[in-house]
Amino acid sequence: MNLNNIMNDLEKKHPGESEYLQAVREVLESINEVVNENPQFDSAKIIERLVEPDRILMFKVSWLDDNGDVQVNLGYRVQFNNAIGPYKGGLRLHPSVNLSILKFLGFEQIFKNSLTTLPMGGAKGGSDFNPKGKSDNEIMRFCQAFMLELWKLIGPETDVPAGDIGVGGKEIGYLFGMYKKLARENTGVLTGKGLGWGGSLVRPEATGFGGVYFTKEMLKTKGDSFEGKTVTISGFGNVAWGVALKLNELGAKVVTISGPDGYVYDPEGISGEKVDYLLELRASNQDIVAPYAEEFPEATFVPGKHPWEVKCDIAMPCATQNELNGEDAANLIKNGVQAVAEVSNMGCTPEAVKAFHNNKIPFGPGKAVNAGGVAVSGLEMTQNSMKLNWSAEEVDAKLHQIMTSIHEAAVKYGTEEDGYINYVKGANIAGFLKVANAMLDQGVI
Ligand code: NDP
């Protein structure tokens, strides 16, 4: 594979799609060696076929706000690759959403879904709609208008969307209701559904719990555990919430959360009633960071900054892409960080990842660390097909086993001569090989 030629070609074809190009470059750099050892991949142009999505649907979403005014947003679904199963990946509702971000997320999803060992291809979608400050009725009308276009492309054996930033149980409900009406069928077309209508126990917590299980395995390789560790996390959405719950259960102390306006440092730890308070704030669609510091005087609100300047044993970014840069990484390293696990998708910039690798700090990449969310979505699809429900214990045990197996795969392909585990390389190679071999088997299509 001529990596430079492929990247130059992509940059020419997709100028300005910086997140997408960043994600592709990271994967290609780490699988370069394996591709060169397997000439059959080159002759079948596997890489050239893998880096472009199968198709992209882009559509207008018109809806009425509570004042009766017409609002117009852009909607997207990027179906990237279905070599190993139906397209699968979340929907993101955030004003920053654009094609580059959804292509990066869809591309990452191919390898993540492959790592779970479950039969799921990669996709992503969403809209630049901002759910913040909107009434429930406005969110419902938007979701219905969005589904009016999307339903033509999806189906339980074709493409199964789920949640992501700005899409939780409420939005999935509105989306599902509209799909059901249009398609005249009640099938498992979305995951993250309510428990009473096809959802899986543990799905809301799965990404966070899975992230902690993966990090637990990372610590275990060094004979260590979470017990007594101080952990900094960012955001406080679906994912950060699950991470905080599980960390507290395993005896770690969570000392930060954050939002777009800054972060909160709580040296006494964020657990119990403090977590409940945060959930109340979130449910009422409000900012949560500054009000937290007002409610709990032991906490300090630090406006306009990221939590990576706080001394910690383990850092777990949980908010959004590129939220931890080279300077943040240098701060963490200076303060003695022992492991970094990226729970958000591409939460760390390439400079940050390089700094962790150069300093031999164990670094878990998002596609491995946060794969628990889509893994339990896969288990939700299985339960829907079988028309039965597993108990929380059964789902949690399967999630735990999947995260352990992802860790094993990353160790298998990522262990370097000096014993350092390059989890980025390991996860990318393990995820890639399964998809590439499936593409070879299925011919040029
Ligand atoms: P949520 O919308 O529930 O939460 C996102 C959190 O991050 C919120 O606290 C939000 O603050 C904060 N945030 C969002 N954008 C920014 C920004 N630009 N700067 C600072 N803070 C920001 O999303 P999720 O928890 O579902 O997702 C978080 C990450 O995890 C994303 O990278 C997502 O792709 C990834 N992920 C999610 C999965 C899932 O199952 N939900 C599965 C796998 C990965 P505020 O609300 O105040 O805006």
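Up top is the structure.
All values derive from a computational prediction rather than experimental measurement.

Cut-off values and rules
- Residues numbered from 1 in each chain as written.
- Predicted model: local features only at pLDDT ≥ 70, side-chain atom pairs only at ≥ 80, totals over all residues.
- Heavy atoms only, no water.
- Helix = DSSP H or I, 4+ residues; strand = E, 2+ residues; numbered from the N terminus.
- Rg over C-alpha atoms; globule rule 2.2 N^0.38 Å.
- Buried < 20%, exposed > 50% of the residue type's maximum accessible area, 1.4 Å probe, protein only.
- Contact = heavy atoms within 4.5 Å.
- Polar contact = N/O pair within 3.5 Å; in protein donor to acceptor, adjacent residues only side chain to side chain.
- Near = heavy atom within 4 Å.
- Areas by Shrake-Rupley, 256 points an atom, 1.4 Å probe, with all protein chains shown as cover.
- Nonpolar A, V, L, I, M, F, W, Y, C, P; charged D, E, K, R; others polar.
- Core = buried A, V, L, I, M, F, W, Y, C linked by side-chain atoms within 4.5 Å.
- Domains from an automatic or database assignment.
- Salt bridge = Lys/Arg side-chain N within 4 Å of Asp/Glu carboxyl O.
- Pairing = 2+ DSSP bridges.
- Right-handed = clockwise from strand over helix to strand, strands pointing away.
- 1 Å grid on protein atoms, 1.4 Å probe; cavity = no way out; pocket = protein on both sides within 12 Å on 5 of 7 lines; lining within 4 Å.
- Points joined across faces, edges and corners; volume = space filled by probe spheres on them.
- Phe/Tyr/Trp six-rings, centres within 6.5 Å; stacked < 30°, edge-to-face > 60°.
- Lys NZ or Arg CZ within 6 Å of the ring centre and 35° of its normal.
- Axes fitted to C-alpha atoms, helices over the stretch in contact; angles between N-to-C directions.

**Some details on the overall build of the protein**
Move 1: When its secondary structure is counted, the protein shows 17 helices and twelve strands.
Move 2: For 445 residues, the compact-globule estimate of 2.2 N^0.38 gives 22 Å, and the C-alpha radius of gyration of the protein, at 21 Å, lies within 12% of that figure.
Move 3: Reported as C-alpha extents along the three principal axes, the dimensions of the protein are approximately 60 × 60 × 45 Å.
Move 4: By residue count, 56% of the 445 residues in the protein fall in the buried class.
Move 5: The long-range share in the protein, meaning contacts at least 24 apart out of those at least 6 apart in sequence, stands at 71%.

**Quick look at the side chain of Asn370**
Move 1: Looking at the element boundaries, Asn370 is found in the loop between α14 (366–369) and α15 (371–386).
Move 2: Looking at Asn370, its side chain comes within polar contact range of the main-chain oxygen of Val343, at 2.9 Å.
Move 3: Discounting residues that sit within four places of it in the chain, Asn370 has contacts with Lys112, Thr207, Val343, Ser344 and Asn345.

**A look at the site of the ligand**
Move 1: Not every one of the 23 residues close to the ligand is listed here, only the nearest: Lys132, Asp164, Thr207, Phe236 and Asn345.
Move 2: In this structure, Asn345 approaches the ligand through a side-chain N or O atom, which is 2.8 Å from an oxygen atom.
Move 3: When isolated, the ligand has an accessible area of 890 Å², and the protein chains bury 87% of it.
Move 4: Among the elements of the structure, α8 (203–220) and α9 (238–249) are those that each provide at least two residues to the shell around the ligand.
Move 5: Grouping the constituent residues of the shell around the ligand by class yields seven nonpolar, eleven polar and five charged.

**Description of the side chain of Thr116**
Move 1: Mapping Thr116 onto the fold places it in the loop between α5 (99–115) and β4 (122–127).
Move 2: Owing to a relative accessible area of 0%, Thr116 belongs among the buried residues under this scheme.
Move 3: Separated by 3.1 Å, the side chain of Thr116 and the backbone nitrogen of Leu118 make a polar contact.
Move 4: Beyond its immediate stretch of four places on either side in the chain, Thr116 contacts Ala371, Val374, Ala375, Ile402 and Ile406.

**A word on the nonpolar core**
Move 1: If you look at the biggest cluster of nonpolar residues, it comprises 61 residues, and the most contacted ones within it are Phe226, Ile233, Phe236, Leu247 and Met316.
Move 2: Formed jointly, this core draws a minimum of three residues from each of two domains, domain 1 (53–186) and domain 2 (206–369).
Move 3: With residues near it in sequence (within four places) discarded, Phe236 still touches Trp241, Ala244, Ile257, Ser258, Val275, Leu278, Leu279, Arg282 and Ile288.
Move 4: Listed in part, the 41 residues of the second largest apolar core include Leu3, Val27, Ala44 and Ile101.

**A closer look at the environment of Gly336**
Move 1: With respect to the secondary-structure elements, Gly336 resides in the loop between α12 (326–334) and β11 (339–341).
Move 2: Along the sequence, Gly336 and Ile314 sit 22 residues apart, while their C-alpha atoms lie 9.1 Å from each other.

**Section: the pattern of salt bridges**
Move 1: According to the stated counting rule, one finds 23 salt bridges in the structure shown.
Move 2: Measuring nitrogen to oxygen at the nearest pair gives 2.9 Å for the salt bridge that ties Lys274 to Glu298. With a gap of 24 residues between them, Lys274 in helix α10 (residues 273–283) and Glu298 in the loop between α11 (289–295) and β9 (300–303) connect regions that are remote in the sequence.
Move 3: You can call Glu298 partly exposed: its relative accessible area is 25%.
Move 4: Residues joined in a network through salt bridges with shared partners are Asp9, Lys13 and Glu52.

**Things to note about the pairing of strand β6 (residues 230–233)**
Move 1: Looking at chain direction, β6 and strand β7 (residues 253–259) are connected through three bridges and run parallel. Following the sheet pairing, Thr232 is matched in β7 by Thr256.
Move 2: Handedness of the crossover joining β6 and β7 through α9: right-handed.

**A word on the layout of surface pockets**
Over the atoms rolls a probe the size of a water molecule, and its path tells where empty space is left.
Move 1: Computed from the structure, the second largest pocket encloses a volume of approximately 500 Å³.
Move 2: Surrounding the second largest pocket, 24 residues form its lining, Glu26, Glu29, Val353, His357 and Val424 being those nearest its centre.
Move 3: Elements represented by at least two residues in the lining of the second largest pocket include exactly α2 (18–37), α13 (350–358), α14 and α17 (423–441).
Move 4: Classifying every residue of the lining of the second largest pocket gives seven nonpolar, six polar and eleven charged.

**Some details on the packing of aromatic side chains**
Two aromatic rings are characterised by how far apart their centres lie and by the angle between their planes.
Move 1: As enumerated under the stated definition, the model contains 14 aromatic pairs in all.
Move 2: Between Trp63 and Phe142, the ring centres sit 6.3 Å apart and the planes meet at 85 degrees, which makes this aromatic pair edge-to-face. Of this pair, Trp63 sits in strand β1 (residues 55–64) while Phe142 is found in helix α6 (residues 136–150), placing the two residues 79 residues apart along the sequence.
Move 3: Residue classification places Trp63 among the buried positions, given a relative accessible area of 6%.
Move 4: Note on Phe142: relative accessible area 1%, which makes it buried.
Move 5: Ring pairs connect the aromatic residues Phe59, Trp63, Phe129, Phe142 and Phe146, which therefore count as one cluster.
Move 6: The positively charged end of Lys103 is found above the aromatic ring belonging to Tyr20, 4.0 Å away from the centroid.
Move 7: The cationic tip of Lys398 hangs over the ring face of Trp390; the distance from NZ or CZ to the ring centre is 4.4 Å.

**What to know about the sheet that holds strand β5 (residues 159–162)**
Strands pair in a sheet through their backbones, by hydrogen bonds, and they do so in one of two ways: parallel or antiparallel.
Move 1: Taking strand neighbours across the sheet as the criterion, the five strands line up as β1-β2-β4-β3-β5 in an open arrangement whose pairing is mixed. Either end of the sheet is taken by a strand with one partner, and the two such strands are β1 and β5. Within the sheet, the average angular offset between the axes of one strand and its neighbour, ignoring direction, is 20 degrees.
Move 2: Bridge analysis of strand β3 (residues 87–93) against β5 gives four bridges, and the strand direction is parallel. By the bridge assignment for β5, Tyr87 is matched with Asp159.

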